[in-house]
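An overview of the molecular structure
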Amino acid sequence: MKMSRLGTTMAAAVIASLPLAASAESIRLTLATMPVPGETVPRAGELFAEKMKERAGEDFEIVYNDSLITGPELAPSVRDGRVEMSVTTYPYLSSAEPRFGLANLPGIASTPEEYRALAEGFAGEEWAKLWEEEWNGIPLVEGVWTPVTLYTTVPIRTVEDFEGKRLRVSNVETGGFITELGATSVPLPAGEIMTGLERGVIDGFFTAVCWVEANGFFEDTIEYINNWGIAPQAGWTIVINKDVWNGLDSETQALMREVGQEVEDEMWELFYSMNQDCFTRAAANGVEIIDVADEEKQKAFDQAGPVFDDWYERAAEKGFDGQEFVTRARESLN
């Protein structure tokens, strides 16, 4: 996604007014993200800011802010220079850039280990190019939300149970998939999910387990967790505006890369304990956890062809071979 000449000029003007450019002795950057209590996303942002404060000295500060910008606007805000850094979630970007939606395709990244292999290999390299060339950003940390699954007020144990259900999704690939299974995809902001359930606007939703737990859904609203393995790994990245990055000296850049790797490693360790704890507390609240039978999962995934066809069509519109991209991704996972 390329900026217009006016957009580029405006972004340059904003960058020129940042604290980084205003003072050669003191640097203050804002790291924006969504208010998602209990999740890996805020912890990663906080950890990055804390480590940089410890290591970079008093003249360098990263200010963590979880209320500045809405989720869908996090990536554009970094690209356009409205904020220096953000923790951006990939599912929100999949409609604009199919390559960012790779892990949402049925069966591509079924486990956190597979997602990590993609992020540290072929896919991660491609994403980094996209950030720099199309989104004016430099990614510093890659990670995932706690497992994404389907939360409902009624059980969905079989493919037939999807028929007629209205489900909130956060990416175009999952929306297409559940449509093939007979459900209706309902776009709904995260802040309206609870109201949507209470009023019967939706029967359930897909998102990360610890966000659901932290927001009280397991106390009196959600009765079932349905583990279908549909886009279970939702990625995020900490990204910095490229113009800001280029204004930093090489020593600071090296330190940010080093800290980024440390945060990434620590978040993977934290990921496993976080998601297990959240599932355990859900069960303790009386929520039934349905581990869908393998044969039912296979029946569902056998209907995923149109989801890939749509993804390949969008890939062609963006100027790349979608089938080759998917093949290379699968090869990178052996």
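Residues numbered from 1 in each chain as written. Predicted model: local features only at pLDDT ≥ 70, side-chain atom pairs only at ≥ 80, totals over all residues. Heavy atoms only, no water.

**Topic: the confidence of the model for the chain**
Parts of the prediction with low pLDDT should not have their coordinates interpreted in detail. Predicted confidence across the chain gives a mean pLDDT of 91, with 93% of residues reaching 70 or more. Averaged pLDDT values for the elements of the chain fall to 38 in helix α1 (residues 5–16) and rise to 98 in strand β9 (residues 224–227). In this model residues 1–24 is a low-confidence stretch, pLDDT under 50, and it forms 29 contacts with partners more than four residues away in sequence or in other chains. (pLDDT = per-residue confidence, 0-100. Helix = DSSP H or I, 4+ residues; strand = E, 2+ residues; numbered from the N terminus. Contact = heavy atoms within 4.5 Å.)

**Looking at the sheet that holds strand β1 (residues 27–32)**
Strands sit in the order β2-β1-β3-β10-β4 across an open sheet of five strands; the sheet is mixed. Of all the strands in the sheet, the pair left with one neighbour each is β2 (60–65) and β4 (137–144). Here the strands of the sheet are splayed against their neighbours by 20 degrees on average, with no regard to which way each runs. Pairing of β1 with β2, which is carried by six bridges, proceeds in the parallel orientation. Looking at β2, one finds that L31 is bridged to Y64. Contacts between helix α3 (residues 40–56) and the sheet are confined to β1, β2, β3 (85–89), β4 and β10 (235–241), with β2 contributing the most and set at about 165 degrees to the helix. (Pairing = 2+ DSSP bridges. Axes fitted to C-alpha atoms, helices over the stretch in contact; angles between N-to-C directions.)

**Brief notes about the pairing of β9**
In β9, alternate side chains face the same way, and those of Y224 and N226 on one face and I225 and N227 on the other are all buried. Relative to β9, strand β5 (residues 148–152) is paired through three bridges, and the arrangement is antiparallel. Directly across from Y151, in β9, lies its bridge partner I225. Strand direction decides the pairing type here: β9 and strand β11 (residues 288–291), joined by four bridges, are parallel. Opposite I225, over in β11, you have I289 as the bridge partner. (Buried < 20%, exposed > 50% of the residue type's maximum accessible area, 1.4 Å probe, protein only.)

**Some words on the packing of aromatic side chains**
Each aromatic ring pair is characterised by the separation of its centres together with the angle its planes make. If you walk through the whole model with that rule in mind, you get 20 aromatic pairs. Seen in terms of ring centroids, F162 and W228 are 5.0 Å apart; in terms of plane orientation they differ by 65 degrees. Their pairing is edge-to-face. Remark: W228 occurs in the loop between β9 and β10 and F162 occurs in the loop between β5 and β6 (166–168); sequence separation between them is 66 residues. No difference in accessibility class separates F162 from W228, as the two residues are buried. Ring centres of F177 and F301 lie 5.4 Å apart, and the angle between their planes is 75 degrees; this geometry places the pair in the edge-to-face category. Taken as a pair, F177 in helix α7 (residues 172–180) and F301 in helix α13 (residues 294–301) lie far apart in primary sequence, 124 residues in all. Every member of this aromatic cluster is reached through a ring pair, and the members are Y90, F100, Y115, W127, W131 and W135. The cationic tip of R99 hangs over the ring face of F320; the distance from NZ or CZ to the ring centre is 4.1 Å. (Phe/Tyr/Trp six-rings, centres within 6.5 Å; stacked < 30°, edge-to-face > 60°. Lys NZ or Arg CZ within 6 Å of the ring centre and 35° of its normal.)

**Let's talk about the nonpolar core**
By size, the foremost hydrophobic cluster in this structure holds 107 residues, and its most contacted members are F48, I62, M85, I240 and M256. Counting residues per element, this core draws most heavily on helix α12 (residues 250–284), at 11 residues. The residues contacting I62, other than those within four sequence positions of it, are L29, L31, F48, A49, M52, M85 and M256. (Core = buried A, V, L, I, M, F, W, Y, C linked by side-chain atoms within 4.5 Å.)

**So, the environment of N241**
Residue position: N241 is located in strand β10. Measuring from C-alpha to C-alpha, the distance between N241 and G45 comes to 15 Å, with 196 residues separating the pair along the chain. For N241, the side chain forms a polar contact with the main-chain oxygen of V78, separated by 2.7 Å. A polar side-chain atom of N241 sits 3.1 Å from the main-chain amide nitrogen of V244. (Polar contact = N/O pair within 3.5 Å; in protein donor to acceptor, adjacent residues only side chain to side chain.)

**Details of the side chain of T207**
For T207, the position within the fold is in strand β8 (residues 204–208). With near-sequence residues (within four places) excluded, T207 lies in contact with P147, V148, T149, Y151, R168 and V212.

**Some details on the packing of helix α5 (residues 112–119) against helix α6 (residues 122–134)**
Angle between the axes and distance between the axes are the two parameters that describe a pair of packed helices. Axis separation between α5 and α6 bottoms out at 4 Å; the angle between their running directions is 50 degrees. Compared by their axis directions, α5 and α6 come out oblique. For the pair formed by α5 and α6, the contact residues are Y115, L118 and A119 on the first element and F122, A123, G124 and W127 on the second. The residue inventory of the contact of α5 with α6, partitioned by class, reads six nonpolar, one polar and no charged. (Parallel < 35°, antiparallel > 145°, perpendicular 65-115°, else oblique. Nonpolar A, V, L, I, M, F, W, Y, C, P; charged D, E, K, R; others polar.)

**A closer look at the pattern of salt bridges**
Taken as a whole and assessed by the stated rule, the structure comprises 21 salt bridges. A salt bridge links K51 to E266, with the shortest nitrogen-to-oxygen separation between them at 2.9 Å. Of this pair, K51 sits in helix α3 while E266 sits in helix α12, and the two are 215 residues apart along the sequence. Take K51: its relative accessible area is 14%, and that puts it in the buried class. Given the relative accessible area of 33%, E266 is considered partly exposed. Two residues, E288 and R157, come together in a salt bridge whose shortest N-O distance is 3.0 Å. With E288 in strand β11 and R157 in the loop between β5 and β6, this residue pair connects regions lying 131 residues apart in the sequence. In this structure R157 comes out as partly exposed when scored by relative accessible area, which is 36%. Connected through shared salt-bridge partners, K51, R55, E258, E262 and E266 make up one network. (Salt bridge = Lys/Arg side-chain N within 4 Å of Asp/Glu carboxyl O.)

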